[in-house]
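Survey of secondary and tertiary structure
Chain residues, written in single-letter form:
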Amino acid sequence: MIEAILLTIATAATPLLLAALGELVVERSGVLNLGVEGMMIMGAVAGFGAAQLSGSPWVGLLAAVCAGALFSMLFGFLTLTLATNQVATGLSLTILGLGLSGMLGESFVGLPGLKLQAWAIPGLSEIPLIGKLLFAQDPIFYISIALTVAVWWFVFFTRAGLTLRAVGDSHVSAHALGLRVIRIRYLAVLFGGACAGMAGGHLSLVYTPQWTENMTAGRGWIALALVVFASWLPWRLVAGAYLFGAVTIAQFHAQAQGVGIPSQFLSALPYLATIFVLVLISSNRRMTMRNTPASLGKPFVPER
Amino acid sequence: MRNTTKFVLAAVAAFGLAGQASAAEVKACFVYVGPIGDFGWSYQHDQGRLAVEEEFGDKVETAYLESVPEGADAERAIERFARSGCDIIFTTSFGYMDPTNKIAAKFPDVKFEHATGYKRETPNVSVYSSKFYQGRYIQGQIAAKVSETGVAGYIASFPIPEVVRGINSFILGAQSIDPDFKLKVVWVNTWFDPGKEADAAKALIDQGVDIITQHTDSTAPMQVAAERGIKAFGQASDMANFGPETQLTSIIDDWAPYYVERVKAVLDGTWESQDVWHGMAEGNVVMAPYANMPDDVKEMAQETEAKITSGEFEPFTGPIKKQDGSEWLAEGEKADIGTMLGMNFYVEGVDDQLPQ
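In this text, all values refer to a predicted model and were calculated from it rather than measured experimentally. (Residues numbered from 1 in each chain as written. Chains lettered and ligands numbered in written order. Predicted model: local features only at pLDDT ≥ 70, side-chain atom pairs only at ≥ 80, totals over all residues.)

1. Looking at the overall build of chain B
Keep this limit in mind: Starting at the N terminus, helices and strands are each numbered in turn, a helix being any DSSP run of H or I of at least four residues and a strand any DSSP run of E of at least two. As defined in this context, the radius of gyration uses C-alpha atoms, and a globule is described by 2.2 Å times the residue total to the power 0.38. Any residue with 12 or fewer other C-beta atoms within 10 Å of its own C-beta is exposed, any with 20 or more is buried, and the rest are partly exposed; the C-beta atoms used are placed from the backbone. By definition, residues are in contact whenever their C-beta atoms, placed on the basis of the backbone, come within 7 Å of each other.
Check the secondary structure of chain B and you find 11 helices and 14 strands. For chain B, the C-alpha radius of gyration of 21 Å lies close to 21 Å, the compact-globule estimate for 356 residues. Dimensions along the principal axes, computed over C-alpha positions, put chain B at roughly 60 × 40 × 40 Å. Classification of the 356 residues of chain B by burial places 51% in the buried group. For chain B, long-range pairs separated by at least 24 residues make up 64% of all intrachain contacts whose partners lie at least 6 apart in sequence.

This is the structure in structure tokens:
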């Protein structure tokens, strides 16, 4: 039973982690993209649709990633090239994504989807308790863990990551040093879109293989909040996403067991617990200040 | 959210202008709380709208607004419809009750039909609702027959009378077959979140239930049940596609007969304000084909359905005790409509505390 619970938690946490990882890179470059929910739902509909039409969930996953990336470029063009307000543009991206996906997905409603099958690694997956959790998961779970390591290594241990952080901290100085601020931000936004798209693909190809309008149901917003509460550090994102998933599942089990706590409180518990723990671990203010991208949300117009 | 609604309203205004040249005698308009693609509540209302179009062809023009939040936005949406020449407006969510009545007072020539509410402040407002709980009783009986563990799981949305009635009816049905039958209830506090509903279903199955039933709108629980190889009941629409070997039956909300009837009344000039609570007898509550169960269970279900449809049997008939063991209905006594509509207590046998 514990094994089954752990598996459920991983499934619930993976889309949050993926979307949040993408947004972390975007925000590290100094761009605030509130359109995560919109990119995610575009990924979900594209993933479901492509899997239906091609008959392969892998094509679906690829389509989800591309759809998220493509959609993020709309945001990139508006905020980076035309220097529009990032908050307003991000919000409209979410609204547009929710509406557009509903329209595109109209003919997919009510169809059972194709599921991306789990990969069990022989031998390792038979270890009791953690075997299934770590080594018999869906492919997107492995990607999410690999990406976490990659993002952490990239941001803190590579020259390119240093450049990314420099652009996010002071775009004026970065520009003065000859760094190509707009181009770097474009790449970051593109990566963020691809991750959000993949998170959406996870929803419609693994989590609940179906298409229904609004199926992201606010997960994009949770991912956004996780980035801030994790003070822009990849490993804390993992902690936040898994804690959120764990408390969500645990409270369902508590309810099914008949624990006499009001269900409204239990439903709020994942949010409360995640905020509490992440605030606690980021209570070191100097550390948090150092990790907050100083240029976050400010448009950059290079002086010619 | 507000921006979307404005955008939608602008679009509707544009359509309204374009549509003025049409020769339709009656314009029927619908306001939905969710997207029509939810394959649940709003989807079924929209199926009703399509049936109206089908029935009357060019004589009736229809229009709809989807995902209209309950509250101030609803008032604007309804008013816009009233101004744009709608003759009858269906407002299909409980939270539209006050906005509907407010706008109805301003437009005495327009007919208003509000679903699942109870306020009729002016003679141009009707209210209508549906006895879904009748289907729940049958589901309870089937569950008790089919289950091996003797425990079913119930994924519930919000602790409102409509949902509580369903839970009570389900357990009454189950206990009419197996007095020891148990029901585990999980509240997800949302009408629609496929992921959460799937998680709730998984939690219930991990706790040993082998039947899943839901009062939320997505098809996710059905899919989880199919994956885990247990049985489940669909909700609002026929979900057999998502679990061909899983779905026992489903309660289908069929609004088409009512919508056709009411639009026809407007066409004929016979529309009058009324308060109806339709069920199986009127064809408002329909059971999806009984499947994946032995023949004797199927026959039992059909028999109960026939008795409920003919009015011979009513699920809330005594003796029934409340959860705390106190007596609610005496032998043969039927629940009065006020208690039914405001039901805020469990009957005996539900293994859960009702959130207040």
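2. Focus: the UniProt feature "domain: ABC transporter substrate-binding protein PnrA-like" (unreviewed entry) in chain B
To keep it simple, the criterion reads: UniProt positions are given in the numbering used here, feature names are shortened, and annotations may be inferred rather than shown by experiment.
UniProt records the feature "domain: ABC transporter substrate-binding protein PnrA-like" (unreviewed entry) at residues 26–308 of chain B, using the numbering of this structure. For residues 26–308 of chain B, the helix share is 42%, the strand share is 22%, and the end-to-end C-alpha distance is 35 Å.

3. Points about the interface of chain B and chain A
With 33 residues of chain B at the interface, the matching set in chain A holds 37 residues. Among the secondary structure elements, those contributing two or more residues to the side of chain B that touches chain A are α1 (2–19), β7 (182–187), α7 (194–206) and α8 (220–228) of chain B. By residue number, the principal contributor to the side of chain B that touches chain A is α7 of chain B, which donates nine residues.

4. Considerations on the confidence of the model for chain A
This is how the line gets drawn: Each residue carries a pLDDT score, the predictor's own confidence in it, on a scale running from 0 to 100.
Here chain A averages 91 in pLDDT, and 100% of its residues register 70 or above. In the model of chain A, helix α5 (residues 131–135) of chain A stands out as the element of lowest mean pLDDT, 79, in contrast to helix α3 (residues 57–81) of chain A, which has the highest, 97.

5. A look at the sheet that holds strand β8 (residues 211–214) of chain B
Residues and elements named next belong to chain B. What counts here: By definition, two strands form a pair when at least two bridges between them are found by DSSP. Throughout, an axis means a line fitted to C-alpha atoms (over the contacting stretch in the case of helices), and angles, computed between N-to-C directions, take values from 0 to 180 degrees.
Taken in spatial order, the six strands make up an open sheet running β7-β6-β8-β9-β10-β12, and their pairing is mixed. The outermost strands of the open sheet, each flanked by one partner alone, are β7 and β12 (285–287). Along the sheet, successive strands turn relative to each other by an average axial angle of 15 degrees, direction set aside. Here two bridges tie β8 to strand β9 (residues 231–236), and the two strands are oriented parallel to one another. Across the sheet, I212 pairs through a bridge with A232, a residue of β9.

6. Describing the UniProt feature "transmembrane region" (unreviewed entry) in chain A
Residue and element names in this part refer to chain A. The residues that UniProt annotates with the feature "transmembrane region" (unreviewed entry) are residues 32–51, 58–80, 86–105, 140–164, 184–208, 220–244 and 264–281. Each end of residues 86–105 is marked by a C-alpha atom, and these two atoms are 27 Å apart; helix forms 95% of the span and strand 0%. As annotated, residues 264–281 has a helix share of 100% and a strand share of 0%, and its two end C-alpha atoms lie 26 Å apart.

7. Topic: the domain arrangement of chain B
Interface size is commonly expressed as the accessible surface area that is lost when the partners come together. All names here are of chain B. Applied cut-off: Where each domain starts and ends comes from a domain assignment, either automatic or drawn from a database. Each residue is assigned to one of three groups, with Ala, Val, Leu, Ile, Met, Phe, Trp, Tyr, Cys and Pro labelled nonpolar, Asp, Glu, Lys and Arg labelled charged, and all others, Gly among them, labelled polar.
What the domain assignment reports for chain B is domain 1 (2–130) and domain 2 (133–252 + 286–341). Measuring from the centre of the C-alpha atoms in domain 1 to the corresponding centre in domain 2 gives 31 Å. Listed per partner, the contact involves nine residues of domain 1 and nine residues of domain 2. Looking at the side of domain 1 that touches domain 2, its residues break down into four nonpolar, four polar and one charged.

8. Side note on the pairing of β8 of chain B
As a reminder of what qualifies: We call a crossover right-handed when, viewed with both strands directed away from the observer, the connection leading from the first strand over the helix to the second proceeds clockwise.
Burial along β8 of chain B is two-sided: I211 and T213 of chain B and I212 and Q214 of chain B, pointing in opposite directions, are all buried. In this fold, the crossover linking β8 of chain B to β9 of chain B by way of α8 of chain B has right-handed handedness.

9. Overview of α3 of chain A
Residues and elements named next belong to chain A. What counts here: Here, expected helix span is obtained from the residue count minus one, scaled by 1.5 Å. The angle separating two fitted axes, one through the seven residues that finish at a residue and one through the seven that start at it, defines the bend at that residue.
Under the 1.5 Å per step criterion, the end-to-end length of α3 is 35 Å for 25 residues, consistent within 8% with the ideal 36 Å. Largest kink in α3: about 25 degrees, centred on F75. Following α3 by one or two positions, A83 has its phi on the positive side, about 55 degrees.

10. Re unusual backbone geometry
Across the junction of G318 of chain B and P319 of chain B, the peptide omega takes the value 5 degrees, indicating a cis bond. With respect to the secondary-structure elements, P319 of chain B resides in the loop between α10 (295–310) and β13 (320–321). The phi dihedral of N214 of chain A is positive, around 65 degrees, even though this residue is not glycine. The phi dihedral of T116 of chain B falls on the positive side, at around 65 degrees, and the residue is not glycine. Within the secondary structure, T116 of chain B is located in the loop between β4 (111–115) and β5 (125–130).

11. With respect to the pairing of strand β6 (residues 151–156) of chain B
Residue and element names in this part refer to chain B. Here β6 lies mainly inside the structure; six of its six residues are buried. Note: β6 against β7, six bridges, orientation parallel. Residue pairing for β7: Y154 is matched across the bridge by V185. Note on the crossover from β6 through helix α6 (residues 161–177) to β7: the handedness is right-handed. Taken together, the four bridges between β6 and β8 define a ladder with parallel strand orientation. What sits directly across from I155, in β8, is Q214.

12. Details of the nonpolar core
Note the following rule: Buried Ala, Val, Leu, Ile, Met, Phe, Trp, Tyr and Cys residues whose C-beta atoms connect them within 7 Å together make up a nonpolar core.
One finds L16, A19, A20, L226 and L237 of chain A together with I167 and V186 of chain B to be the most contacted residues of the largest nonpolar core, which totals 143 residues. No other element matches helix α9 (residues 181–207) of chain A, which puts 14 residues into this core. Dropping the residues within four chain positions of it, I167 of chain B is found in contact with Y154, A156, V185, Y346 and V350 of chain B. Counting 36 residues, the second-largest nonpolar core is a separate cluster that includes I78, F90, Y96 and A115 of chain B.

13. A word on the confidence of the model for chain B
Here chain B averages 89 in pLDDT, while 93% of its residues score no lower than 70. Two numbers describe this predicted complex: its pTM, 0.85, and its ipTM, 0.86.

14. Focus on the sheet that holds strand β3 (residues 88–91) of chain B
All names here are of chain B. Judged by pairing direction, the sheet is parallel, and its six strands sit side by side in the order β2-β1-β3-β4-β5-β11 without closing on themselves. Looking at the sheet topology across the chains shown, the edges are occupied by β2 (60–65) and β11 (275–278). The mean inter-strand angle of the sheet, taken between neighbouring strand axes irrespective of direction, is 20 degrees.

15. Details of the packing of helix α10 (residues 219–229) of chain A against helix α11 (residues 234–257) of chain A
All names here are of chain A. Basically, it comes down to this: We call two directions roughly parallel when the angle between them is under 35 degrees, roughly antiparallel when it is over 145, roughly perpendicular when it lies between 65 and 115, and oblique otherwise. It is the rotation of the near helix from the far one that decides the hand of a crossing: anticlockwise by less than a right angle makes it left-handed, clockwise makes it right-handed.
Interaxial distance between α10 and α11 falls to 9 Å at its minimum, and their mutual angle equals 135 degrees. On the basis of the axis angle, α10 is oblique to α11. By crossing handedness, the relation of α10 to α11 is classed as right-handed. From α10, I222, L226, V227 and F229 reach across to α11, where they touch L237, G240, A241 and F244. Within the contact of α10 with α11, the residues separate by chemical class into seven nonpolar, one polar and no charged.

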